[in-house]
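Fold and contact review
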Amino acid sequence: MSLDIRKLLKSVVAYKSSDLHLVARSEPQIRIDGKLVALNLPKLDGKMIEEMAYSLLTEKQKKEFEEELELDFAIVLPDIGRFRANYYRVMGDIACAFRIIPIDIPSLDQLNAKKIFKELIKREKGLILVTGPTGSGKSTTLAAMLNEINETESKHIITVEDPVEFMHDNKKCLFSHRNVGTDTRSFGRALKFAMREDPDIILIGEMRDQETVGAALTAAETGHLVFGTLHTNSAPETINRIIDVFSGEEQPQVRAQLSTSLVAVISQALIPRIGGGRIAAQEIMITNPAIKNLIREDKVHQLYSQMQLNQQQTGMCTQTQEIVEYLKQRVISKENAIQYCNRPEELLNIIKNL
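First, a word on scope: everything that follows refers to the structure included in this document. (Residues numbered from 1 in each chain as written. Predicted model: local features only at pLDDT ≥ 70, side-chain atom pairs only at ≥ 80, totals over all residues. Heavy atoms only, no water.)

All right, on to the overall build of the protein then. Counting its regular elements, the protein contains 15 helices and 13 strands. Its C-alpha radius of gyration of 21 Å places the protein within 12% of the 20 Å reference for a compact globule of 354 residues. Within the protein, buried positions represent 50% of all 354 residues. Partitioning the intrachain contacts of the protein with sequence separation of at least 6 by distance along the chain shows that 56% fall at a separation of at least 24. On the protein, roughly 17300 Å² of surface is accessible, and the fraction owed to carbon and sulfur atoms is 47%. Looking at charge distribution, the protein has the averaged site of its 44 positive side-chain charges lying 4 Å from that of its 47 negative ones. (Helix = DSSP H or I, 4+ residues; strand = E, 2+ residues; numbered from the N terminus. Rg over C-alpha atoms; globule rule 2.2 N^0.38 Å. Buried < 20%, exposed > 50% of the residue type's maximum accessible area, 1.4 Å probe, protein only. Contact = heavy atoms within 4.5 Å. Areas by Shrake-Rupley, 256 points an atom, 1.4 Å probe, with all protein chains shown as cover. Lys, Arg positive; Asp, Glu negative; His and termini not counted. Charge placed at Lys NZ, Arg CZ, Asp CG, Glu CD.)

So this is what it looks like as structure tokens:
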């Protein structure tokens, strides 16, 4: 029995799921509200997956996959939607993961973003990081921030992604979307040459290595507003991850750079809602003089305490505080609150009286 990949991807849209997984010796599975659900279809074998997978590829992409054994790309299917795809191999067979990318970019208001977001995007320079695990909505948050700039400012925005996800129309801004692999060789090279492309704002899809992190810090120091993502779960962990990318003798200089160029870290997780859907729990750290000093002096362990001070004035919040609010509003369950919280002991101490 042969399956139609387009019909399977239609099912992703129909069920309002986020991902489709095709792995040999398993039926097709989709992810709904963070949980995998098997479709009521026969188990797949390697040949079935190969036929479906290759039907979406160009000859060049087939050659790249056969040589590299991995392939990232984005694809638009008319009347279905836009997807980010990854092909890989499992015990010799092709496997595929498809992530749906909304064509309509949400606004910050539609995401119920805090007012601090609209203040952050007005900065002329500096580094703003949106972090969290895979599937935590980082790309959506960044797309909404860029969309707000696109509605209100006249800027040249360069995005460097692997692959390009959200495609922005040129409203007030001019967008140069660059795909690693087809438009540029690497994140590092794209950032190096971006300095000659007259950008106001640069989006880095993922800060993966020392070269990319270093280039991002330099761009932020030299008068550009830089957005980036990392797979970290909290603001203090993000600072440590950036610094640890560099060797010991380089770290004092990196701490100094980070203390002057970092504007904010927004760490988020998507928590299942009671009744269906998911809601973002965000931790927000804004670099005021005290935060800058702690980064420079290598006192990252004190950042969390500093984030809890004068929050009405600073705009900062911790993930625990956000989760407690959701519990009070009966938006999420206690079980999910504890599971997704970065500091479950702190949360338990607060909610035992709720």
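Next comes the rest of the description.
Residues Met 145, Phe 227, Ile 239, Leu 258, Leu 262 and Met 285 are the most contacted members of the largest nonpolar core, which totals 61 residues. If near-sequence neighbours (up to four positions away) are discounted, Leu 262 is found in contact with Leu 127, Leu 129, Ile 239, Met 285, Thr 287, Lys 292 and Ile 295. Residues Ile 30, Ile 49, Ala 85 and Phe 98 belong to the second largest nonpolar core, which totals 30 residues. (Core = buried A, V, L, I, M, F, W, Y, C linked by side-chain atoms within 4.5 Å.)

Within the open sheet, the seven strands sit side by side as β9-β8-β10-β11-β7-β12-β13. Their pairing is mixed. Of all strands in the sheet, those with a lone pairing partner are β9 (174-179) and β13 (278-286), marking the two edges. On average, each strand axis in the sheet is tilted by 15 degrees relative to the strand beside it, whichever way the strands run. Summarising the sheet, strand β7 (residues 126-131) and strand β11 (residues 225-230) pair through six bridges and their orientation is parallel. When the sheet's bridge partners are listed, Leu 127 is paired in β11 with Val 226. Relative to the sheet, helix α8 (residues 235-244) contacts β7, β11, β12 (262-272) and β13, its axis offset from that of β12 by approximately 120 degrees. Contacting β7 and β12, helix α9 (residues 251-261) crosses the sheet at an angle of about 80 degrees to β12. (Pairing = 2+ DSSP bridges. Axes fitted to C-alpha atoms, helices over the stretch in contact; angles between N-to-C directions.)

Quick look at the pairing of strand β3 (residues 35-38) now. For strand β2 (residues 29-32) and β3, the ladder comprises four bridges, and the chain directions are antiparallel. Bridge pairing in β3 places Arg 31 opposite Leu 36. Hairpin remark: β2 followed by β3, antiparallel, with two residues in the connecting loop; positive phi at Asp 33, about 50 degrees.

The next subject is the side chain of Ser 107. Along the chain, Ser 107 falls in the loop between β6 (93-101) and α4 (116-120). Those residues within four positions of Ser 107 in sequence are excluded, and the remaining contacts are Ala 144 and Asn 147.

What follows concerns the pairing of strand β8 (residues 156-161). Counted residue by residue, β8 has six buried out of six residues, so it is predominantly covered. The alternating pattern of β8 places His 156, Ile 158 and Val 160 on one face and Ile 157, Thr 159 and Glu 161 on the opposite face, and all of these are buried. Taken together, the six bridges between β8 and β9 define a ladder with parallel strand orientation. Looking at β9, one finds that Ile 158 is bridged to Ser 176. Pairing of β8 with strand β10 (residues 201-204), which is carried by four bridges, proceeds in the parallel orientation. Its bridge partner lying in β10, Ile 158 is registered against Ile 202.

Turning our eyes to something else, we now look at the packing of aromatic side chains. As enumerated under the stated definition, the model contains three aromatic pairs in all. Consider the rings of Phe 65 and Tyr 87, whose centres lie 6.0 Å apart with planes at 85 degrees: the pair is edge-to-face. One end of the pair, Phe 65, is in helix α3 (residues 59-68); the other, Tyr 87, is in strand β5 (residues 81-90), and 22 residues separate them in sequence. No difference in accessibility class separates Phe 65 from Tyr 87, as the two residues are buried. Between the aromatic rings of Tyr 87 and Phe 98, the centroid separation amounts to 6.1 Å while the plane-to-plane angle is 75 degrees, which identifies the pairing as edge-to-face. Here Tyr 87, found in strand β5, pairs with Phe 98, found in strand β6; they are 11 residues apart in sequence, far enough to count as distant. Classification of Phe 98 by relative accessible area gives buried; the value is 1%. (Phe/Tyr/Trp six-rings, centres within 6.5 Å; stacked < 30°, edge-to-face > 60°.)

All right, on to the pattern of salt bridges then. Counted according to the given criterion, the structure contains 16 salt bridges. With its nearest N and O atoms 3.8 Å apart, the salt bridge here joins Glu 51 to Lys 47. In this pair, Glu 51 and Lys 47 are both assigned in helix α2 (residues 46-54), four residues apart and thus about one turn of the helix distant. For Arg 178, the salt bridge is made with Glu 197, and the minimal N-O distance between the two is 4.0 Å. Here Arg 178, found in strand β9, pairs with Glu 197, found in the loop between α6 (187-194) and β10; they are 19 residues apart in sequence, far enough to count as distant. Here the salt bridges share partners, and the residues they tie into one network are Asp 162, Glu 206 and Arg 208. (Salt bridge = Lys/Arg side-chain N within 4 Å of Asp/Glu carboxyl O.)

Cis peptide bonds are those with omega within 30 degrees of zero, and the linkage from Asp 162 to Pro 163 qualifies with -5 degrees. Of note, Pro 163 is situated in the loop between β8 and β9. Even without being a glycine, Asp 79 presents a positive backbone phi close to 65 degrees. Here Asp 79 is to be found in the loop between β4 (71-77) and β5. You will see that Asn 112, though not glycine, has its phi angle at about 55 degrees, which is positive. Tracing the backbone shows Asn 112 in the loop between β6 and α4.

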